Amino acid sequence: METKSKMTDGASKELLPHYGGQRVPNCDYHSGMLPCVKGAACYQVTRANRTHPEWDDGVGGTYKHGADLAYRNGRFYVHYFTNPMSEHTGAGQSILAASGDGVHWDDFWVAFPPYRIGACTVTNAKGETASFSGDTYAFIHQRTGFYQTKNGRLLLLGFYGWSPKPWITNWDCYGIGRVVRELYPDDTMGPIYFIRPCWQGGWDEGQLLYPLYTKAPDKGFVACCEELLADSLAVQQWAEENGDRDELIRIKHGPEKGASNQAFCWYHIDKDTVIGLWKHSRCARSSDGGKTWTPVTVCPSLVMSGQKVWAQKTADGKYAMVYDPTLESTHRWPMCVTTSNDGIAYDDMLLVHGEVPPMRFGGYWKDYGPQYMRGIAEGIDRPGDAMWIAYTVNKEDVWVARLPLPITGTETGRVLKDGYGEFTLYSPKWAPVTVLGGDAPGLRLCDFDRYDYARAERVLYESPLQELSFCVTPQQDSHGTLYCELQNAQGQTAVRLVFAPDKTLYVRTTALVPVCPYRAGQKVRLKLRVDCGSHTFVLGVDGREQKRALFMTAVSAVSRFVLRTGPVRMSPTREDIPVEDTSYTLPLADEKDTEASFTLTDFHAQSGEG
């Protein structure tokens, strides 16, 4: 079915989403030098591990991608696919992860196992013939992994295929087909069926490993599959895999050479008005609920490349769009969010994920940074207090991010006390950040990862005058490092304190200067008075005030208090190229380091005069 439009090609761009904010990232920095979302939290779901799969998801694949997110009955689910090392080679399978809070991800199941292609010969719609010996395995690559029916049943979806060359995807004429099974409320899964075989790939029913969904004895399940197939917005997400020959796909690829509408997502502005978004800044609008669409248009103000985009209406009645605002495709950072009151005009770009650890494993078609973001699709239940995003980092680790509503990067309170749930967190599995409650509230930053670190930061009321007091309790004094910093909104550091592994607390002014010794298990009480007018600060340690010292960087205001268990990370840079050699592995990448732990308590901040 060809796309038809009620609008002319010259339709006003005011009808399509666009970014009108003043902030743009400096992509020489992983954070883009952008202010962060207040209270956002990024949690690592998987940390790829080739030699200790039991510390990961049990599979051992070091290529992980295509994460999708669902929520049901207070429980979060992430569905992603994994291949042994590279994107389009090896026996692929997809994994289902579950969590009761979105923080701790300990339950992993194989949703769709490796698919061994039987001995056969197929001829695809291009007239190409391929023969299989019976020893070939398919790999998996899909855009979406969940569908919730109107009666609340939750379907899992995957897509099997093969590739004649490692740079060719398993789509269209190289697809085998889309598979489906039900995820039951008790987290068990039903049988696997094909819901949409790739007939144009040359496969017939007798060559498929699983039966068609129509053969399922559960007629309710069959009805669920029929509901999905009739949902034009949901199946539009299948466009690349199914190909333009499939009549289910309403919006075809563009008529111009090389035009490709990839990784569709959508949101409703009202009952009839639907916005569609794709990779590479492409967008369109429907005024009849998705039956017909305007021509797909490139919006230059939405700066993006091939990293996907996700947008939705949030529970507070606003709209949010998450993407990497860069034209680079190999260097995919930072991951940001922009917000809108009407779903059309977006503003106020803020940082969600601005960390890019080193790529630990080589592989073909791996890209640096946070990417391929997806939220919870329309039609699936969503938590009401936050927007959640699933994504991958370096195409080897899976993450989720929680953005509390309303999404803001501004603190309006001049006086802050405790409020550890308001800290913005970056929490890898081997460098977790924990919010402590009960009678001893605080934050605990642990780190046993050689190649990553824990990070927590508190957005402050922006002011040239700041006074902070807090306590740090190191649990060791012979290893591990904690940086405590005051920064401006762009992440430039004015004041840095360092708990170093030589039992010494240092302060960084124009040089690194020792202040005093510290001991494992002993609380250190710290106080900072900052004056950006003179670019100076006064440090107090356990009630003893030090002399006034110069900033390490001259800033006009301070608005961020940052804790980090590692030094500032500048690599990878935009000049670094991912390693395609699958034998490449960083030394001891799969092994845990000695754990270091630091606890923050008694936090208090006052901005401005008095």
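The structure displayed is predicted, hence computed values, not measured ones.

Calculation rules
- Residues numbered from 1 in each chain as written.
- Predicted model: local features only at pLDDT ≥ 70, side-chain atom pairs only at ≥ 80, totals over all residues.
- Heavy atoms only, no water.
- Helix = DSSP H or I, 4+ residues; strand = E, 2+ residues; numbered from the N terminus.
- Rg over C-alpha atoms; globule rule 2.2 N^0.38 Å.
- Buried < 20%, exposed > 50% of the residue type's maximum accessible area, 1.4 Å probe, protein only.
- Pairing = 2+ DSSP bridges.
- Axes fitted to C-alpha atoms, helices over the stretch in contact; angles between N-to-C directions.
- Phe/Tyr/Trp six-rings, centres within 6.5 Å; stacked < 30°, edge-to-face > 60°.
- Lys NZ or Arg CZ within 6 Å of the ring centre and 35° of its normal.
- Salt bridge = Lys/Arg side-chain N within 4 Å of Asp/Glu carboxyl O.
- Contact = heavy atoms within 4.5 Å.
- Patch = residues over 30% accessible without salt bridge, like charges linked within 9 Å, V, L, I, M, F, W, Y side chains within 5 Å.
- Areas by Shrake-Rupley, 256 points an atom, 1.4 Å probe, with all protein chains shown as cover.
- Disulfide = S-S within 2.5 Å.
- pLDDT = per-residue confidence, 0-100.

Caption draft 1: Just the overall build of the protein, in detail. Scanning the protein from N- to C-terminus turns up three helices and 42 strands. Computed over its C-alpha atoms, the radius of gyration of the protein comes to 25 Å, within 12% of the 25 Å expected for a compact globule of 610 residues. The dimensions of the protein, computed from C-alpha atoms along their principal axes, are 80 × 55 × 45 Å. Out of the 610 residues belonging to the protein, those deemed buried represent 59%.

Caption draft 2: Broad picture of the sheet that holds strand S4 (residues 75-83). The four strands lie next to each other as S3-S4-S5-S6, forming an open sheet whose pairing is antiparallel. The open sheet is flanked by strand S3 (63-72) and strand S6 (107-112), the only strands paired with a single partner. The mean angle between the axes of side-by-side strands here comes to 25 degrees, regardless of whether they run parallel or antiparallel. With five bridges connecting them, strand S5 (residues 93-99) and S6 associate as antiparallel partners. Residue Ile95 lies in a different strand from S6, and its bridge partner there is Val110.

Caption draft 3: How the structure looks around the sheet that holds strand S17 (residues 274-278). Judged by pairing direction, the sheet is antiparallel, and its four strands sit side by side in the order S16-S17-S18-S19 without closing on themselves. Pairing within the sheet leaves two strands with one partner each, and these edge strands are strand S16 (265-268) and strand S19 (297-298). As judged from the four bridges shared by S16 and S17, these two strands associate in the antiparallel manner. The partner of His268 across the bridge, within S17, is Val274.

Caption draft 4: Examining the packing of aromatic side chains more closely. Considering all chains together, one arrives at 25 aromatic pairs under this definition. Ring-pair connections join several aromatic residues into one group, and the members of that group are Tyr420, Phe423, Phe470, Phe561 and Phe603. Positioned over the ring face of Trp430 is Arg47, at 3.9 Å from the centre of the ring. A cation over a ring is seen here: Arg569 above Tyr453, with NZ or CZ 4.2 Å from the ring centre.

Caption draft 5: Fine view of the pairing of strand S15 (residues 193-197). With five of its five residues buried, S15 lies for the most part within the structure. Of the pairings in the sheet, the one linking strand S14 (residues 175-183) to S15 comprises four bridges and is antiparallel in character. In the strand pairing of S15, Gly177 is matched with Pro197.

Caption draft 6: How the structure looks around the pattern of salt bridges. Tallied over the full model, the rule gives 42 salt bridges. We note a salt bridge from Asp367 to Lys395, for which the minimum N-O separation is 3.0 Å. Here Lys395 lies in the loop between strand S25 (386-393) and strand S26 (397-404) and Asp367 lies in the loop between strand S23 (345-353) and strand S24 (370-374), a separation of 28 residues in the sequence. An identical accessibility class is assigned to Asp367 and Lys395; each is buried. A salt bridge links Asp477 to Lys503; its shortest N-O distance comes to 3.9 Å. Within this pair, whereas Asp477 is found in the loop between strand S32 (465-474) and strand S33 (482-487), its partner Lys503 is found in the loop between strand S34 (493-499) and strand S35 (504-508), the two being separated by 26 residues in sequence. Judged by its relative accessible area of 34%, Lys503 falls in the partly exposed class. Counted as one network, the salt bridges with shared partners bring together Glu355, Asp452, Arg455, Glu457, Arg560 and Arg569.

Caption draft 7: Representation of the environment of Ala138 in the model. Following the sequence through the fold, Ala138 ends up in the loop between strand S10 (136-137) and strand S11 (139-140). Those residues in contact with Ala138 that lie beyond four places of it in its chain are Gly90, Ala91, Gly92, Tyr115, Ile117, Tyr160, Gly161 and Ile176.

Caption draft 8: Spotlight on the pairing of strand S9 (residues 129-132). Of the two faces of S9, only the one carrying Ala130 and Phe132 is buried; Thr129 and Ser131 on the other face are not. Bridge analysis of strand S8 (residues 120-123) against S9 gives four bridges, and the strand direction is antiparallel. Looking across to S9, one finds that Thr123 is bridged to Thr129.

Caption draft 9: Region of the structure containing a nonpolar patch on the surface. Taken together, Tyr29, Val568 and Met570 make up a surface patch of nonpolar side chains, about 260 Å² in accessible area. Among the structural elements, Met570 can be located in the loop between strand S41 (558-564) and strand S42 (596-607). Taking the relative accessible area as the measure of exposure, Met570 reaches 42% and is therefore partly exposed.

Caption draft 10: The arrangement of the state of the cysteines in detail. Here the structure, examined in full by the defined rule, presents zero disulfides. Cys36 carries a free sulfur, and the closest cysteine sulfur to it, the one in Cys42, is 9.9 Å from it. Counting only cysteine sulfurs, Cys36 is the nearest neighbor of Cys532, a cysteine outside any disulfide, at a range of 17 Å. Here Cys532 falls in the buried class, since its relative accessible area comes to 4%.

Caption draft 11: Spotlight on the confidence of the model for the protein. This prediction gives the protein a mean pLDDT of 94; 97% of its residues lie at or above 70. Considering only residues more than four positions removed or in separate chains, one finds that residues 1-12, a stretch of pLDDT under 50, has 23 contacts.

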